[in-house]
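Residue strings, one per chain:
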Amino acid sequence: MQMRTLGKTDLQVAPLCLGGNAFGWTANEAASQAVLDTYTEMGGNFIDTADVYSNWVEGHVGGESETIIGRWMKARGNRNNLVIVTKVGSRMGPRPDEQGLSRTHITKGVEDSLRRLQTDHIDLYLAHRDDPDTSLDETLETFTRLVEQGKARYIGASNYTAERLAEALDISRTQGYARYECLQPRYNLVIREDYEGDLENLCRKEGLGVITYSALGSGFLSGKYRKGQELPKTPRAANVERMYMNSRGFAVLEEVGKVAKAHGASYAQVALAWQMARPGITAPIASATTREQAQELVEATDLQLDRDEIEALDNAGR
């Protein structure tokens, strides 16, 4: 597996980032550790999580994913071989100070994440979403203190618009703050408008690393949802139906299927390989709940699409 440099940092990361949102949710601790073992045994070193995972589950409070990853790292003694991404800013409780990017919330959030991950530093600490109620100056100054203290090696942003990301980068330049070195946008073969255009141009101009979430469209691009089939009665399936099961989505899926057949690959591998081939993208994020799924995802790093296949996938659904 060929490692990539994340933006202008010294972080060397796998071209596929393992998503930790399923850990403690759709994958129990034993299954999560099996996925983590498989990913790292195959050469992966890049793991994404967030403090909020998975407080949407009844009885959970957030931090379940970080806790599982922390126990796994301690048991394996492999912390120094990994690049760990986690995020702060999503709602962790009912009080106003339990969400957002204020000095108070970030300062508490980083300590909680470090404790759950059983580590003294976070390699890449991201603002999970923009916080219009807190000044960018306060947010960036707080993140800068964490970098200076060694609690975060680098910082980044998720779910920022091009306008707000540009403003944040300008503030870091003028004030001498640590800058966002990475962006985590939603991006896949069907939903492309969130990233392509101004945001992509800005990231490439500024040399930011880009790690994309929802790379498989909540499972739609794995090919498991088909036109006319009855869907399971779950919130995830309802989201897939609303966002992906339309003429554009099915046109994309048809083209993915053609490329997959030509290579003897899975739909998911083609969708991920398409992203890995796009200039400016460091790594797509994908999640697994079994060893077999993890192996399938990592094997996507060996799939090389030719120019005609990339162009056909680019134009599908347009």
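Everything numeric in this text was worked out from a predicted model, so none of it was measured.

Asker: Talk me through the overall build of the protein chain; I want residue IDs and the actual numbers.
Answerer: Per the secondary structure count, the protein chain includes 11 helices and 10 strands. Radius of gyration (C-alpha) of the protein chain: 19 Å, near the 20 Å computed for a compact globule of 318 residues. Over its C-alpha atoms, taken along the principal directions, the protein chain stretches across nearly 50 × 40 × 35 Å. Across the 318 residues of the protein chain, 58% fall into the buried class. Considering only residue pairs separated by 6 or more positions, the protein chain has 76% of its internal contacts joining residues 24 or more positions apart. Looking at the protein chain as shown, the accessible area adds up to about 13,900 Å², and 46% of this sits on carbon and sulfur atoms. Within the protein chain, one finds 37 positive and 45 negative side-chain charges whose respective centroids are separated by 1 Å.

Asker: I'd like a description of the pairing of strand β5 (residues 83-88), backed by residues and values.
Answerer: Burial runs high along β5: 6 of the 6 residues are buried. Taking every second residue as pointing to the same face, both faces of β5 are buried, with Val 83, Val 85 and Lys 87 on one and Ile 84, Thr 86 and Val 88 on the other. Pairing of strand β4 (residues 46-48) with β5 involves 3 bridges; the strand directions are parallel. From the neighbouring strand, Phe 46 faces β5, where its bridge partner is Val 83. On the question of chirality, the crossover connecting β4 to the parallel β5 by way of helix α2 (residues 64-76) is right-handed. The sheet contact formed by β5 and strand β6 (residues 122-127) spans 4 bridges and is parallel. Within β6, the residue paired with Val 88 across the bridge is Ala 127. Once you follow β5 into helix α3 (residues 103-117) and on to β6, the crossover reads as right-handed.

Asker: Describe the sheet that holds strand β7 (residues 152-158), naming the residues involved and giving the relevant values.
Answerer: Read around the barrel, 8 strands follow the order β3-β4-β5-β6-β7-β8-β9-β10 and close on themselves; strand pairing throughout is parallel. Between one strand axis and the next, the sheet turns through 30° on average, direction left out of account. Strand contacts of helix α4 (residues 136-149): β5, β6, β7 and β8 (180-184), with the helix running at about 150° to β7, the strand carrying the most contacts.

Asker: An account of the nonpolar core is requested, with residue identities and associated values reported.
Answerer: Judged by nonpolar contacts, the single largest core of 99 residues is most densely connected at Phe 46, Leu 165, Tyr 180 and Phe 220. For this core, the element with the highest residue contribution is helix α9 (residues 267-276), accounting for 7 residues. Beyond its immediate sequence surroundings of up to four residues, Tyr 180 is in contact with Ala 127, Thr 139, Leu 140, Phe 143, Ile 155, Gly 156, Ala 157, Tyr 160, Leu 165, Ala 168, Leu 169 and Leu 208.

Asker: Account for unusual backbone geometry, naming residues and giving values.
Answerer: Here the residue pair Tyr 53 and Ser 54 is connected by a cis peptide bond, since its omega of 5° sits within 30 degrees of zero. Position of Ser 54 among the secondary structure elements: in the loop between β4 and α2. Unusually for a residue other than glycine, Gln 118 sits at a positive phi of about 55°. Among the secondary structure elements, Gln 118 is positioned in the loop between α3 and β6. Residue Ser 214 is not a glycine yet carries a positive backbone phi of 60°.

Asker: Which residues make up the packing of helix α5 (residues 162-175) against helix α6 (residues 198-206), and what values do they have?
Answerer: Viewed as axis vectors pointing N to C, α5 and α6 meet at an angle of 25°, and their least axial separation amounts to 9 Å. When the interaxial angle is binned, α5 and α6 end up roughly parallel. Here α5 contributes Ala 162, Leu 165, Ala 166, Leu 169 and Arg 173 to the contact with α6, which in turn contributes Asp 198, Leu 199, Leu 202, Cys 203 and Glu 206. Grouping the amino acids of the contact of α5 with α6 by side-chain chemistry returns 7 nonpolar, no polar and 3 charged.

Asker: Which residues make up the environment of Gly 150, and what values go with them?
Answerer: For Gly 150, the position within the fold is in the loop between α4 and β7. For the pair formed by Gly 150 and Glu 311, sequence separation is 161 residues and the distance between their alpha carbons is 43 Å.

Asker: Lay out the environment of Ser 222 with the relevant residues and their values.
Answerer: Positionally, Ser 222 belongs in the loop between β9 (209-212) and α7 (235-243). Accessibility expressed as a relative area gives 29% for Ser 222, which makes it partly exposed. Sequence separation between Ser 222 and Val 85 is 137 residues; the distance between their C-alpha atoms is 24 Å. Those residues in contact with Ser 222, other than ones at most four positions away along the chain, are Leu 216, Tyr 267 and Ala 268. Polar contacts involving the side chain of Ser 222 include one to the main-chain carbonyl oxygen of Gly 219, which spans 2.5 Å.

Asker: Tell me about the packing of aromatic side chains, and name the residues and values.
Answerer: If you walk through the whole model with that rule in mind, you get 9 aromatic pairs. Where Tyr 53 meets Trp 56, the ring centres are 5.9 Å apart and the plane angle is 70°; that geometry is what we call edge-to-face. Given a relative accessible area of 11%, Tyr 53 falls into the buried group. Residue Trp 56 is classed as partly exposed on the basis of its relative accessible area of 42%. A centroid spacing of 5.7 Å and a plane angle of 15° characterise the contact between Phe 220 and Tyr 244, whose relative ring orientation is stacked. On the criterion of sequence distance, the pair formed by Phe 220 in the loop between β9 and α7 and Tyr 244 in the loop between α7 and α8 (247-263) is long-range, its members being 24 residues apart.

Conventions used here
- Each chain carries its own residue numbering, running from 1 in the direction its sequence is written.
- Residue-level local features of this predicted model are given only where pLDDT is at least 70; pairs of side-chain atoms are given and counted only at 80 or more, and the full residue set underlies all totals for whole chains, interfaces and linings.
- Heavy atoms from the whole structure form the basis of all side-chain values; hydrogens and water molecules are not counted.
- Put simply, DSSP marks the helices as runs of H or I at least four residues long and the strands as runs of E at least two long, and each gets a number from the N terminus on.
- Atoms considered for the radius of gyration are the C-alpha atoms alone. The globule rule reads 2.2 Å times the number of residues to the power 0.38.
- The buried label applies to any residue whose accessible area, calculated with a 1.4 Å probe on protein chains only, is under 20% of its type's maximum; exposed applies above 50%, and partly exposed to all values in between.
- In what follows, a contact means two residues having at least one pair of non-hydrogen atoms within 4.5 Å.
- Accessibility throughout is a Shrake-Rupley quantity obtained with a 1.4 Å probe, and a residue counts as covered only by protein chains that appear here.
- Positive charges come from Lys and Arg, negative ones from Asp and Glu, while His and the chain ends are left out of the count.
- Charge positions come from single atoms, namely NZ of Lys, CZ of Arg, CG of Asp or CD of Glu.
- Any two strands with at least two DSSP bridges between them are considered paired.
- Crossover handedness is defined by viewing with both strands directed away from the observer: a clockwise path from the first strand over the helix to the second marks the crossover as right-handed.
- Axis definition: a line fitted to C-alpha atoms, limited for helices to the stretch in contact. Angles are taken between N-to-C directions and run from 0 to 180 degrees.
- Put simply, buried Ala, Val, Leu, Ile, Met, Phe, Trp, Tyr and Cys residues joined by side-chain atoms within 4.5 Å make one nonpolar core.
- Angle categories are assigned with fixed cut-offs, so that under 35 degrees is roughly parallel, over 145 is roughly antiparallel, 65 to 115 is roughly perpendicular, and the rest are oblique.
- Under the grouping applied here, Gly and all other residues not named as nonpolar or charged are polar, the nonpolar ones being Ala, Val, Leu, Ile, Met, Phe, Trp, Tyr, Cys and Pro and the charged ones Asp, Glu, Lys and Arg.
- Pairing of N or O atoms within 3.5 Å defines a polar contact, subject to two protein rules: one partner must be a possible hydrogen donor and the other a possible acceptor, and residues neighboring in sequence count only if both atoms are side-chain atoms.
- Ring pairs shown here join Phe, Tyr and Trp side chains whose ring centres sit within 6.5 Å, with only the six-membered ring taken for Trp; geometry is labelled stacked below 30 degrees between planes, edge-to-face above 60, and tilted in between.

Note that every value here comes from positions in space, so none of it alone points to a role or purpose.
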